[in-house]
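# Fold and contact review
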Amino acid sequence: MMEVNLYCTGCNHKENINKNISRCPKCGEPMEVELKTKGKIKYSKNIGQNLLEKYQNFFPYLDIKKEDTLGEGFTPLVKLDNLEKKLDIKNLYLKNESQNPTWSFKDRGTLLGILHAKSLGYKKVGTVSTGNMAPSVAAYASKFNMKSYVFVKDNIAEEKLNPILIYNPNLYKVKGDYGSLYYKSLKLGKEKDIYFINSDVPLRVEGSKTIAYEICEQVDFKVPDYIIVPTSAGGNIRGIEKGFREFKEAGLIDNIPKIICAQSEGCSPIHKAYVQNREEIERFKNPYTIAHAIENPLPPSGNQVLRMLKRNGGFTEAVKDEEIINAQKMMAEEGLFMQPASCVPLAALIKLKNNGKIEKDSTIVLIGTGGGLKYTSVFDKYELKYNQIDLESINNI
Ligand SMILES: [Zn+2]
């Protein structure tokens, strides 16, 4: 295995990757795996090639085996041609991450986290999650014969609980401030020998790189102008941006798309800091949004997302719950049922287009992080109608 380092995103402090260090011991900002500047895609005629085998060059610090997968990645990039016409956008795509093993993008980073944990000798993994990450970590722990510890919000909806419990994790509902739980879990992990694969730990960010790699291949390396990412903790958007940078350094693409951080107005700490031109985020008071999957009032990678946007030339947008539901309806008209958080990018795009911040001849990729069946209580927001008839009167429709 190649020697690889972790660097602090805040102060550049260096650590070796053969340790479980997610935040900088000096300044507290997130650590990140060093940029991989060389590498090739391993093309294979074998339909059974797994995601990490394909991009092995970009993960030189892991031993990758054929069987180490639940089939994550290789998700479709769907052309939204009806919406292109409706919104007057040249090229519009959805990267549909709901087609992962536990129906969200989290599986990419969970796999990397578990492989890293195993390589360091851990037998237990954990996570602090509002939704998608909990079932993902529980599922991968089962696959890799590890014990899992999952901490969820006390008010988690019942419909979300059973899809986690089916994988038989040690699950704890926690009363109290959810933002603080993230930091407490890192301490708990050290004491109890649990490797926490939280939202923005270095290996989870590494998993998100593969979303960018796949997009590059799917558009034949003609890089889109904008990538719009629903943003909560900030790990996914960081990983996607890193993926594009690595492919550019490796000479696989010529430029890097502008990254747009999309949040819900009811919980938009990164957007707020961005528009106020601050370098640090502040805790968002009284968060409330239908996009529960991105409801994090104090994103642990918030400051780094602000730094990343500055480097990238990207920006932020925030949208109301009504706009999110409207976007979900529009997505359904394209035949795609995505969870509310995954419709935030479309809602943001509509707003940005109307405000003249996105040009009509652009190529845009929306990141759809998880599927609609993850949050069925959203049906309450709709008036869904059906007809009832007798078999005899079926010709009268
Ligand atoms: Zn630091």
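A short tour of the structure in this document, coming up. Since the model is a prediction, treat every value here as computed from it, not as a measurement. (Residues numbered from 1 in each chain as written. Predicted model: local features only at pLDDT ≥ 70, side-chain atom pairs only at ≥ 80, totals over all residues. Heavy atoms only, no water.)

## Here's the deal with helix α12 (residues 340-354)
For the record, the criterion: Comment: elements are numbered from the N terminus, with helices defined as DSSP H or I runs of at least four residues and strands as E runs of at least two. Expected helix span is given by 1.5 Å per residue-to-residue step, counting one fewer step than there are residues. The buried label goes to any residue with under 20% of its type's maximum accessible area, the exposed label to any with over 50%, and the partly exposed label to all in between, with areas taken from a 1.4 Å probe on protein chains only.
Under the 1.5 Å per step criterion, the end-to-end length of α12 is 21 Å for 15 residues, consistent within 8% with the ideal 21 Å. Across the 15 residues that make up α12, a large majority, 12, are buried. Residues of α12 that are buried: P340, A341, S342, C343, V344, P345, L346, A347, A348, L349, I350 and L352.

## Here we look at the packing of aromatic side chains
Spelled out, the test is: Side-chain rings of Phe, Tyr and Trp, where Trp is taken by its six-membered ring, are said to pair if the distance between their centres is within 6.5 Å; with planes under 30 degrees apart they count as stacked, over 60 as edge-to-face, and otherwise as tilted. Two limits define a charge over a ring: the Lys NZ or Arg CZ must be within 6 Å of the ring centre, and within 35 degrees of the ring normal.
All chains considered together, the criterion is met by 12 aromatic pairs. Their ring planes at 15° and their centres at 5.2 Å tell us that F151 and Y172 sit as a pair that is stacked. Taken together, the residues span a long stretch of sequence, with F151 in strand β7 (residues 147-153) and Y172 in strand β8 (residues 170-174) at a distance of 21 residues. Members of the aromatic cluster, connected to one another through ring pairs, are Y55, F58, Y213 and F247. Sitting over the ring of Y93, K79 keeps its end group 5.7 Å from the ring centre. The ring of F59 carries K209 above its face, with NZ or CZ at 4.5 Å from the centroid.

## Re the coordination of the zinc ion
Formally: In this listing, donors mean N, O and S atoms no farther than 2.8 Å from the metal, or 3.2 Å for Na, K and Ca; water is missing from the atoms, so a site can look incomplete. Square planar and octahedral assignments, for four and six donors respectively, both demand that opposite donors be over 155 degrees apart and that all other angles lie between 65 and 115; tetrahedral needs four donors with all angles between 85 and 135 degrees, and anything else is irregular.
Coordination of the zinc ion by the protein involves C8 (SG), C11 (SG), C24 (SG) and C27 (SG), with metal-donor separations of 2.3 Å. For the zinc ion, the four donor atoms in the first shell make angles of 95 to 120° at the metal, so the coordination geometry reads as tetrahedral. Spacing between the donor residues of the zinc ion along the chain follows C-x2-C-x12-C-x2-C. For C24, a relative accessible area of 5% corresponds to the buried category.

## Let's talk about the packing of helix α11 (residues 321-333) against α12
Operational definition: Orientation is described by axes fitted as lines to C-alpha atoms, over the contacting stretch for helices, and by angles from 0 to 180 degrees between their N-to-C directions. Oblique is the label for any angle not covered by the other classes, which are roughly parallel (under 35 degrees), roughly antiparallel (over 145) and roughly perpendicular (65 to 115). Here, residues are in contact when the closest pair of their heavy atoms is within 4.5 Å. Gly is put with the polar residues, along with every residue not named as nonpolar or charged; the nonpolar set is Ala, Val, Leu, Ile, Met, Phe, Trp, Tyr, Cys and Pro, and the charged set is Asp, Glu, Lys and Arg.
Relative to each other, α11 and α12 sit at 100°, their axes nearing to 8 Å. Judged by the inter-axis angle, α11 sits roughly perpendicular to α12. Between α11 and α12, the residues in contact are E323, I324, A327, Q328, M330 and M331 and P340, S342, C343, V344, L346, A347, I350 and K351, respectively. Partitioning the contact of α11 with α12 into residue classes produces 10 nonpolar, two polar and two charged.

Shape descriptors only; they carry no functional weight alone.
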